[in-house]
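Here is what each chain is made of, one letter per residue.
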Amino acid sequence: MAFTAQNCFAPFEQKVWLATPTMHGEELQYMTEAYTTNWMSTVGANINEVERIAAEKAGVKYAVGLSCCTAALHLCVKLAGERLYGKPPISHGALEGRKVFCSDMTFDATLNPVVYEGGEPVFIDTEADSWNMDPAALEKAFALHPEVKLVVMAHLYGFPAKVEQIKKICEAHGALLIEDAAEAMGATVNGRQCGSFGDYAAISYNGNKIITGSAGGCLLTNSLEDANCARKWATQARENAAWYQHEEVGYNYRMSNVVAGVVRGQYPHMEEHIAQKKAVYERYREGLRDLPVTMNPIVAGTKPNYWLSALIIDKEAMCPQVRSDSEALYRPEAGKSCPTEILETLARYNAEGRPIWKPMHMQPMYRMHQCVGREGSLRCRTNAYIAGGVPDVGADIFQRGLCLPSDNKMTPERQDTVIELIHACFE
Ligand SMILES: *Cc1c(COP(=O)(O)O)cnc(C)c1O
């Protein structure tokens with residue numbers, strides 16, 4: 001009988017998580033301060049401090065504290081849209097009918113806000129050497145649609161994109177850049193923080209990110225006027241009057257002063273979390289060295305925050321795997337494995353992995369949207385992989401890749417067991 005995971009390990013008694021919050025004590029102190037001073041609201045000292053620290057850490061002039069990063073991205077899109085095309089009629093979005101170039105392989109919150117504002121995402125394929133937006137594909141997209149004036153890009157799993165190159169391409173075409181740094185807070189490109197390259201950027205304090213407020217996010221910008229505008233929109237767009245005076249549609253997007261207390265207490269520990277995540281990544285890289293897999297790529301000159309460790313299986317070492325819109329099937333083969341086998345094995349042993357973000361052009365809701373690859377072709381069909389065509393880079397990484405348990409509190413011993421379980425999948 002072959003050596004299998006089944007006959008060698010007992011499941012973890014305590015679940016090994018993908019990524020969980022890590023509290024240190026100061027968080028409770030700042031939350032308590034909000035409570036005892038009765039600033040249990042969307043104003044207060046914690047919010048002011050979070051905005052100050054967030055801007056300082058990111059190296060931008062202004063940060064606006066919001067209820068989540070998705071709200072921050074929405075306001076980024078609205079600011080960019082109005083700056084590009086002017087104020088729309090009251091019932092119209094700021095991007096009504098406009099195409100916007102967007103990262104393809106990312107969480108849908110990166111680009112859903114484009115749709116909130118009536119825009120049409122055109123997806124830009126991923127490149128193999130950064131797992132992020134392919135600058136060559138972006139160039140091709142501008143050749144196809146020279147009228148486009150807005151690009152929305154993300155840094156996947158805390159591993160920076162070639163954002164300097166992307167910014168240059170945007171500038172050459174007179175386009176604005178929105179940078180979704182939700183997963184990449186604290187990561188740098190040539191010494192500059194992710195979130196400082198875009199005309200507008202967003203960071204997240206969601207529960208599983210590098211630091212957390214349980215929820216929350218910030219919009220980042222160097223424009224005082226835009227920061228003030230975002231703050232106004234986030235508080236129901238009240239005009240400066242004694243009564244509730246309104247000239248435009250507003251939102252209830254402001255950060256809570258209690259949540260801000262948690263974020264405030266977390267910031268001093270961000271570098272410590274990054275160091276722990278880096279150690280996790282390096283242990284995987286060492287431990288999986290003998291397998292036909294590669295870890296998430298690191299572009300020269302960049303320093304990731306290592307939020308999630310991920311791997312991709314060599315083409316030759318993939319066992320057959322197909323996925324429908326909700327289910328996955330695979331056929332085990334000696335010496336080979338696939339993401340489904342590894343994820344199911346991890347789950348059986350009480351450890352949490354996750355598939356790679358399913359590319360947006362493969363999502364039912366966006367399947368009729370264009371996706372531009374570096375060869376410049378337009379794709380607007382789901383799942384070229386299953387259809388038998390040559391997969392685009394995003395579909396290929398989705399097919400062959402997965403995120404590994406990356407909790408910063410995972411002990412080396414527990415991680416060794418995860419590494420052995422992955423080895424067992426390839427037996
Ligand atoms: C988490 C995440 C978001 C959304 O953040 P929230 O604060 O949960 O709204 C957006 N984009 C990416 C890439 C993310 O990972």
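Structure: see above.
A brief report on the enclosed structure follows. (Residues numbered from 1 in each chain as written. Predicted model: local features only at pLDDT ≥ 70, side-chain atom pairs only at ≥ 80, totals over all residues. Heavy atoms only, no water.)

Attention shifts here to the packing of helix H5 (residues 135-144) against helix H6 (residues 163-172). Here H5 crosses H6 at 10°, and the two axes come no closer than 10 Å. In this view, H5 runs roughly parallel relative to H6, as classed from their interaxial angle. H5 and H6 meet at a crossing whose hand is right-handed. Residues Pro 135, Leu 138, Glu 139 and Phe 142 of H5 form the contact with H6, whose own contacting residues are Gln 165, Ile 166 and Ile 169. The residue makeup of the contact of H5 with H6, split by class, is five nonpolar, one polar and one charged. (Axes fitted to C-alpha atoms, helices over the stretch in contact; angles between N-to-C directions. Helix = DSSP H or I, 4+ residues; strand = E, 2+ residues; numbered from the N terminus. Parallel < 35°, antiparallel > 145°, perpendicular 65-115°, else oblique. Left-handed = near helix turned anticlockwise from the far one by under 90°. Contact = heavy atoms within 4.5 Å. Nonpolar A, V, L, I, M, F, W, Y, C, P; charged D, E, K, R; others polar.)

Read from one edge of the open sheet, three strands run E7-E6-E11, paired in antiparallel fashion. Among the strands making up the open sheet, the edge pair consists of strand E7 (192-193) and strand E11 (302-303). Inspection of the sheet shows strand E6 (residues 188-189) paired to E11 by two bridges, in the antiparallel sense. By the bridge assignment, Thr 188 is partnered in E11 with Lys 303. (Pairing = 2+ DSSP bridges.)

Glancing now at helix H10 (residues 339-348). Counting buried positions over the 10 residues of H10 gives seven, a clear majority of the element. Residues Pro 339, Thr 340, Glu 341, Ile 342, Leu 343, Thr 345 and Leu 346 constitute the buried set of H10. Among the residues trailing H10, Asn 350 stands out with phi positive, at a value near 70°. (Buried < 20%, exposed > 50% of the residue type's maximum accessible area, 1.4 Å probe, protein only.)

Another point: the packing of aromatic side chains. Evaluation of the coordinates by the stated rule reveals 10 aromatic pairs. Between the aromatic rings of Phe 101 and Phe 142, the centroid separation amounts to 4.9 Å while the plane-to-plane angle is 85°, which identifies the pairing as edge-to-face. Of the two residues, Phe 101 is situated in strand E2 (residues 99-103) and Phe 142 in helix H5; the sequence distance between them amounts to 41 residues. When sorted by exposure, Phe 101 lands in the same class as Phe 142, which is buried. (Phe/Tyr/Trp six-rings, centres within 6.5 Å; stacked < 30°, edge-to-face > 60°.)

This part is about the packing of helix H2 (residues 45-58) against helix H8 (residues 257-266). It is the contact of H2 with H8, at a shortest axis distance of 7 Å, that shows an interaxial angle of 45°. As the angle between them shows, H2 and H8 are arranged oblique. Seen along the crossing, H2 lies across H8 with a hand that is left-handed. Residues Ala 45, Asn 46, Ile 47, Glu 49, Val 50 and Ile 53 of H2 form the contact with H8, whose participating residues are Asn 257, Ala 260, Gly 261, Val 263 and Arg 264. Taken together, the residues of the contact of H2 with H8 break down into six nonpolar, three polar and two charged.

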